[in-house]
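Listed below are the residues making up each chain.
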Amino acid sequence: MRKKRGVTRAQEAVVEVISTDPGKQHCAAVRYDCKADCFTHAALLNLLCRCNTTSGDREGDSASSSGRARKRRATTAFEFAPQLLYHFDAMPELFDHHHNVGGGYVLAAVERQNARDTGNMVAQAIFQTRYGSHSELQWPIKVKRFWNAVVHAVPDPQPPAFRLTGSHTVNKTDAKRFARRFLTVQEMELFRRAAEENSMHKLVCPFSQPKRKRARKQETSGKTKNKKKKKRTAPPPKMDDLFDAAMQAIYAYHTRQGIPAEDSEGPALKRIKYNIAAELEAEEKKGKKSTTTLDLFLSSTGKTLGVVGGIGASKKKQ
């Protein structure tokens, strides 16, 4: 049998990584440009929302023709497929995976889910089906070990990025703290916009609003008045899932290209080293006042941070 000529997958370069982190409610997705070493797109999808995929259940269409309010039912894993397919078509700049782009290919890194939650497994299967041979499952524990090895490779002693044992809350806390050590100000802003868009939609999404009891009427001195309604506010932006997807994207690029975590030319170690150098430079200019990437990001948006210390700063201006 004649052998097929061409470049093998091992020899073919990864030019971009689409990294996804499915969850019980949210699915984070980011796009990483390997050559430019930057994140270009990000989205935080609410899997419990089916405003765009279910006819008759969209915003403003919650009442039937008879005038009675339609009963809102809980979203199930069966609706995850049309929801994700809708987002694939609505956001091609994030989810498109053209083969052989610029002499390489786009890799889809999907966080491996446990079999305990049906929704997580459905989302994982959808991503694997869409990207086929261009998708790879990633173990979260390996991602954490990778970043610990990167931090350990820095000449100056650095605290580990992640605790390898702990609850789900511990893992999310570590991800939030570590974000300012490897992300730039521009990337933090990109993720913030994606998280805020998700948060603001929950104010108007009928599937994200909790079930509420009707305000009971109170009789006072023979008069009837309604109980005052509380003003709804958007929940705080949820960014930890986006951080997890970002760390996974860089890890997937390293492993696919065979770049060790300790490689000084790898994007992971470069990011950590540059952020440390930028922090030291900022301390010298501001009288030993610590400035982190998260501090710079919050100050640029007019917010304050009551946290001292940390590692990170924006990359050099292009």
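Attention in this report is confined to the structure presented alongside it.

Here Asn120 lies in helix α3 (residues 118–131). Counting along the chain gives 43 residues from Asn120 to Ala77, while the straight-line C-alpha distance between them is 8.4 Å.

This part covers the side chain of His26. Within the secondary structure, His26 sits in strand β2 (residues 26–33). The class for His26 is buried, based on a relative accessible area of 6%. Within the local environment of His26, its side chain forms a polar contact with the side chain of Lys202, the two groups lying 3.0 Å apart.

Contact pair helix α5 (residues 168–182) / helix α8 (residues 267–285): the axes reach a minimum separation of 7 Å and the direction vectors enclose 80°. When the axes of α5 and α8 are compared, the pair comes out roughly perpendicular. Where α5 approaches α8, its residues Phe178, Arg180, Arg181 and Phe182 are matched on the opposing element by Arg271, Ile272 and Asn275. By residue class, the composition of the contact of α5 with α8 is 3 nonpolar, 1 polar and 3 charged.

Bringing α8 into the picture now. With 19 residues, α8 ought to run about 27 Å at 1.5 Å a step, and its terminal C-alpha atoms sit 27 Å apart, in line with that. One or two positions beyond α8, positive phi appears at Gly287, with a value near 65°.

Phi at Asp37 is positive, roughly 55°, even though this residue is not glycine. You can see Asp37 is positioned in the loop between β2 and β3 (38–46).

Strands sit in the order β3-β2-β1-β4-β5 across an open sheet of 5 strands; the sheet is mixed. At either end of the open sheet lies a strand with only one pairing partner, and these are β3 and β5 (135–138). Between one strand axis and the next, the sheet turns through 20° on average, direction left out of account. Direction of pairing for strand β4 (residues 104–111) relative to β5: parallel, over a ladder of 4 bridges. Across the sheet, Glu111 pairs through a bridge with Gln138, a residue of β5.

The rules behind each value
- Residues numbered from 1 in each chain as written.
- Predicted model: local features only at pLDDT ≥ 70, side-chain atom pairs only at ≥ 80, totals over all residues.
- Heavy atoms only, no water.
- Helix = DSSP H or I, 4+ residues; strand = E, 2+ residues; numbered from the N terminus.
- Buried < 20%, exposed > 50% of the residue type's maximum accessible area, 1.4 Å probe, protein only.
- Polar contact = N/O pair within 3.5 Å; in protein donor to acceptor, adjacent residues only side chain to side chain.
- Axes fitted to C-alpha atoms, helices over the stretch in contact; angles between N-to-C directions.
- Parallel < 35°, antiparallel > 145°, perpendicular 65-115°, else oblique.
- Contact = heavy atoms within 4.5 Å.
- Nonpolar A, V, L, I, M, F, W, Y, C, P; charged D, E, K, R; others polar.
- Expected span 1.5 Å × (residues − 1).
- Pairing = 2+ DSSP bridges.

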